[in-house]
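Structural overview for review
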Amino acid sequence: MRLLLLAALSITLMTLDQRTDYVRNIRSGIAVLVYPIQYLVSLPADFFDWTADAFASRETLQVNNEELQRENQALRSQLQKLTFIEAENRHLRELLQSSKRVGEKVLIAELLAVDLDPFSKVVVINKGDRDDLLYRGQPIVDARGVMGKLIHVNPYSSTAMLITDPNHAMPVQVLRNGLRAVAVGHGQDGLLEIPNLPNNADIKVGDLLVTSGLGCVFPAGYPAARVTEVTTNPALPFARIRAEPIAWLDRSREVLLVWPAVSDLPQMANPCKFEVEEVP
Amino acid sequence: MSLTQHHGGWVITLSFLLALALSIVPLPGLMEMLRPEWVTLVLIYWCMALPNRVSVGIGWLLGLVLDVLRDTLIGQYALALALVAFLTLHLHQRIRVFPLWQQALSIFVLTMLQNLIVLWIKGLTGHSPDFWSILPSAFTTMLVWPLIYLLLRQVRRAYHVV
């Protein structure tokens, strides 16, 4: 009898969770309770990181420092050009009288070293809506490319779905020629599929796929994946195209939360609505 | 209504907390598929050993926590674990007198049932994982059972949990 009641309750909860947003508070409440567990489980990994830092020899530090300085200089020189291009871009946009770009805001968060559901690709980050205005669907990136988006925001932590999750799809375009496509996760590390492209589509192995900004979740222009395999079979309607994410999905410990600038989104009849109000 | 005093509730709670922690400890790559269902194991043990203390409701609550911990659909593991607790409570007198290897086989069946429910729900609400991907964890859960059983029995006797 009690089992039947609880089963009915579970099914109700699942339906609510799947279709609506009502159980969000239940999830947040329990998430606060279980955060200590996640934090404790993640501690050993943090500790190893910390000891690696603390006991690094002077020599390693020097080498590291030199490398970083070199990298910094290289990046700075690229940045010089970028400011010029940005100014030019703004000017051209003004000429076209389109809305001006607003800078994106980012926030650094850390991944907790825990394994979640073995059947999906989900990670926990140590920022919640307690300290910052995170929102559901917010993109996260690492230093190299797009990683995924937030699916649940709790007070002290949030969970994000990686782009390799089988339930994840992301609008992308080929950087070389602007060909639009959708990159779908496959549940395996380092594998994305690009379905529904015809056999004669202009896409090659090695092409860089960047986010296209359609779909209103990911801001346009972030590197997403590199094409690793294009198989055309005339017997099939579509080509089989696979790609590898650019971001280090399984190695990054630090991630960036991005607040997309609203004007970066494509101009459409029905513009995307964001839950985020202000972009400082 | 029992006149005997309950003892050692904290032991039960602690064992559940440890099981929850173990079920999210990071494992490399494909090892993740081999992770035993620690929470299920501990739940089955307490249902079997102390059926008057651990009820279907506790299994359900534990499942709810596991749902949030693993960030799955809320109610998914709750349903699965409530069912596991229910079956164990019904069969506890029978499972108790089984030799260890037969117990382990029953654990395999129960874990498979739990995994199947999770698989079905996943299939209903989105992408369905491969059927074969749920077998390894049921298998390792079965292999770990004798260890958990002996360990928890020692703990139960040492701390007089009744």
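What counts as what
- Residues numbered from 1 in each chain as written.
- Chains lettered and ligands numbered in written order.
- Predicted model: local features only at pLDDT ≥ 70, side-chain atom pairs only at ≥ 80, totals over all residues.
- Pairing = 2+ DSSP bridges.
- Helix = DSSP H or I, 4+ residues; strand = E, 2+ residues; numbered from the N terminus.
- Axes fitted to C-alpha atoms, helices over the stretch in contact; angles between N-to-C directions.
- Parallel < 35°, antiparallel > 145°, perpendicular 65-115°, else oblique.
- Left-handed = near helix turned anticlockwise from the far one by under 90°.
- Contact = placed C-beta atoms within 7 Å.
- Nonpolar A, V, L, I, M, F, W, Y, C, P; charged D, E, K, R; others polar.
- Core = buried A, V, L, I, M, F, W, Y, C linked by C-beta atoms within 7 Å.
- Buried ≥ 20, exposed ≤ 12 C-beta atoms within 10 Å, placed from the backbone.
- Expected span 1.5 Å × (residues − 1).
- Arc of directions from axis to C-beta.
- Bend = angle between axes of the 7 residues up to and from the residue.
- pLDDT = per-residue confidence, 0-100.
- Domains from an automatic or database assignment.

Attention now goes to the sheet that holds strand E6 (residues 169-174) of chain A. All names here are of chain A. Taken in spatial order, the six strands of this closed barrel run E6-E7-E8-E11-E10-E9, and their pairing is antiparallel. For strand E8 (residues 192-193) and strand E11 (residues 240-245), the ladder comprises two bridges, and the chain directions are antiparallel. Residue pairing in the sheet places Leu192 in a bridge with Ala243 of E11.

In this section: the packing of helix H2 (residues 38-49) of chain B against helix H4 (residues 76-97) of chain B. All names here are of chain B. In the contact formed by H2 and H4, the axes pass within 8 Å of each other and the chain directions differ by 45°. By the angle between their axes, H2 is oblique relative to H4. Of the two possible hands of crossing, H2 and H4 adopt the one that is right-handed. Here Thr40, Leu43, Ile44, Cys47 and Met48 of H2 come into contact with H4, specifically with Leu81, Val84, Ala85, Thr88, Leu89, His92, Ile95 and Arg96. Counted by class, the contact of H2 with H4 contains nine nonpolar, three polar and one charged residues.

This brings us to the nonpolar core. Residues A:Ala183, A:Ala224, B:Leu43, B:Leu81 and B:Ala82 are the most contacted members of the largest nonpolar core, which totals 97 residues. Ranked by the residues each element gives to this core, the list is headed by H4(B), at eleven residues. Apart from residues lying up to four places away in sequence, B:Leu43 is in contact with B:Gly59, B:Leu62, B:Leu81, B:Val84 and B:Ala85.

What follows deals with helix H1 (residues 9-22) of chain B. Compared with an ideal rise of 1.5 Å per residue, which puts 14 residues at 20 Å, H1(B) spans 20 Å between its outermost C-alpha atoms and is within 8% of the ideal. Of the positions making up H1(B), those classed as buried are B:Ile12, B:Ser15, B:Phe16, B:Ala19 and B:Leu20. Looking straight down H1(B), one finds that the buried residues subtend no more than 140° of arc, so they occupy a single side. In H1(B), the exposed positions that point more than 90 degrees away from the buried face belong to B:Trp10 and B:Thr13. The inward-facing, buried residues of H1(B) contact helix H2 (24-54) of chain A together with H2, helix H3 (56-70) and helix H6 (135-158) of chain B.

Another aspect to go through is the interface of chain A and chain B. Taken residue by residue, the interface counts 33 residues in chain A and 35 residues in chain B. At the level of elements, helix H1 (2-19) and H2 of chain A are the ones that each hand at least two residues to the side of chain A that touches chain B. For the side of chain A that touches chain B, a count of residues per class yields 22 nonpolar, six polar and five charged.

All right, on to H6(B) then. Side chains of residues three or four places apart in an α-helix project in the same direction, reflecting 3.6 residues per turn. Residue and element names in this part refer to chain B. With 24 residues, H6 should reach 34 Å at 1.5 Å per residue; the first-to-last C-alpha distance of 35 Å fits that figure. Its axis deflected by about 40° at Val144, H6 carries its strongest bend there, up to four residues before the proline Pro146. All of the buried residues along H6 are Ser137, Ala138, Thr141, Met142, Trp145 and Leu152. Two residues or fewer after H6 comes His160, characterised by a positive phi angle close to 50°.

Residues and elements named next belong to chain A. The predicted model of chain A averages 83 in pLDDT, with 90% of residues at 70 or higher. Here strand E1 (residues 105-110) is the element of chain A with the lowest mean pLDDT, 84, and E11 is the one with the highest, 93. This model gives residues 264-271 a pLDDT under 50, and the stretch forms ten contacts once residues within four places in sequence are excluded. Within the model, pLDDT remains below 50 along residues 274-280, and this stretch shows eleven contacts once partners closer than five positions in the same chain are excluded.

Residues and elements named next belong to chain A. Pairing within the open sheet is antiparallel, and its six strands lie in the order E1-E12-E3-E4-E5-E2. Single-partner strands in this sheet number two, and they are E1 and strand E2 (122-125). Strand-to-strand, the axes of this sheet are offset by a mean angle of 35°, without reference to chain direction. In terms of strand pairing, strand E3 (residues 139-141) meets strand E12 (residues 254-259) through two bridges, oriented antiparallel. If you follow Val141 over to E12, its bridge partner there is Leu256.

Residues and elements named next belong to chain B. Secondary-structure assignment places Phe16 in helix H1. A residue is classified by how many C-beta atoms lie within 10 Å of it, and Phe16, with 20 of them, is buried. A C-alpha to C-alpha distance of 19 Å links Phe16 and Asn115, two positions 99 residues apart in sequence. Apart from residues lying up to four places away in sequence, Phe16 is in contact with Val42 and Leu62.

With that out of the way, let us pick up the domain arrangement of chain A. All names here are of chain A. The domains assigned to chain A are domain 1 (2-54 + 103-162) and domain 2 (169-246). Centre-to-centre, using C-alpha coordinates, domain 1 lies 27 Å away from domain 2. Counting residues at the interface gives nine residues for domain 1 and eleven residues for domain 2. For the side of domain 1 that touches domain 2, the elements supplying multiple residues, two or more each, are E3 and strand E4 (146-153). Here the residues of the side of domain 1 that touches domain 2 are counted per class, giving three nonpolar, two polar and four charged.

Right, let's get into the packing of H2(A) against H3(B). Taken N-terminus to C-terminus, the directions of H2(A) and H3(B) make an angle of 80°; their axes are 9 Å apart at the nearest point. Taken together, the axes of H2(A) and H3(B) are roughly perpendicular relative to one another. Across the interface between the two elements, A:Arg27, A:Ile30, A:Ala31, A:Val34 and A:Ile37 from H2(A) touch B:Leu64, B:Val65, B:Val68 and B:Leu69 from H3(B). Looking at the contact of H2(A) with H3(B), its residues break down into eight nonpolar, no polar and one charged.

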